[in-house]
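These are the residues of each chain, in order.
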Amino acid sequence: MPRPVAALRVFWFSVGALALLLGAIGVVLPVLPTTPFVILAAFAFGRSSPALQRRLEQSPTFGPMIADWRAHGAIAPKYKAMALTMMAAALGLSVAMGLALHLLAIQAICIAGAATFILTRPNGPQPHRHD
């Protein structure tokens, strides 16, 4: 029987791997927002594999969004725009595919909730301008 600590590490590693996979899919497909999944992956790897957490935090692609979230609870405007565009595209694709109205309604409600969360996060620190 596995020790409880080892089982928790496996659980958190699995959550981190799945979240990172979904975040990576969100980078290339207009189906999933990337930022929330990457933040979740960093959190989960922090509980299972600090080395993977560091690699993710140092990634040129994912590191800045994790840093903004940790420091300010923020999502940069460019990531907000990308997430909203991908969610709108996913809903548009579902409409174009002729999904049943009840499925479209469920998807629209979920997207509206995610969009509300994303839009209500701060943008993060503004760069200093030297005029």
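Residues numbered from 1 in each chain as written. Predicted model: local features only at pLDDT ≥ 70, side-chain atom pairs only at ≥ 80, totals over all residues. Heavy atoms only, no water.

### A closer look at the environment of P122
The topology assignment puts P122 in the segment after α6 (101-120). As for P122 and D68, which are separated by 54 residues in sequence, their C-alpha atoms are 9.6 Å apart. If near-sequence neighbours (up to four positions away) are discounted, P122 is found in contact with H72, G73, A74, I75 and K80. (Helix = DSSP H or I, 4+ residues; strand = E, 2+ residues; numbered from the N terminus. Contact = heavy atoms within 4.5 Å.)

### Details of the side chain of S94
For S94, the location among the structural elements is in helix α5 (residues 77-96). Note on S94: relative accessible area 9%, which makes it buried. The residues touching S94, leaving out its near neighbours within four places in the chain, are L99, L104 and Q107. (Buried < 20%, exposed > 50% of the residue type's maximum accessible area, 1.4 Å probe, protein only.)

### Comments concerning the pattern of salt bridges
Under the counting rule described, the total for this entry stands at one salt bridge. Put simply, E57 and R70 hold a salt bridge, and the shortest N to O gap is 2.1 Å. Taken together, the residues E57 in helix α3 (residues 50-57) and R70 in helix α4 (residues 63-72) connect sequence positions 13 residues apart. Take R70: its relative accessible area is 46%, and that puts it in the partly exposed class. (Salt bridge = Lys/Arg side-chain N within 4 Å of Asp/Glu carboxyl O.)

### Some details on the packing of aromatic side chains
For the structure on display, the rule yields four aromatic pairs. Considering the side-chain rings of F11 and W12, the 5.1 Å spacing of their centres and the 70° angle between planes classify their relative orientation as edge-to-face. For W12, a relative accessible area of 22% puts it in the partly exposed group. Ring centres 5.8 Å apart and planes at 50° place the aromatic pair F13 and F45 in the tilted group. Placement of the pair is F13 in helix α1 (residues 4-28) and F45 in helix α2 (residues 34-48), with a sequence separation of 32 residues. Counting every residue linked through ring pairs, the aromatic cluster contains F11, W12 and F43. (Phe/Tyr/Trp six-rings, centres within 6.5 Å; stacked < 30°, edge-to-face > 60°.)

Note that all results are geometric; they support no functional claim without further evidence.
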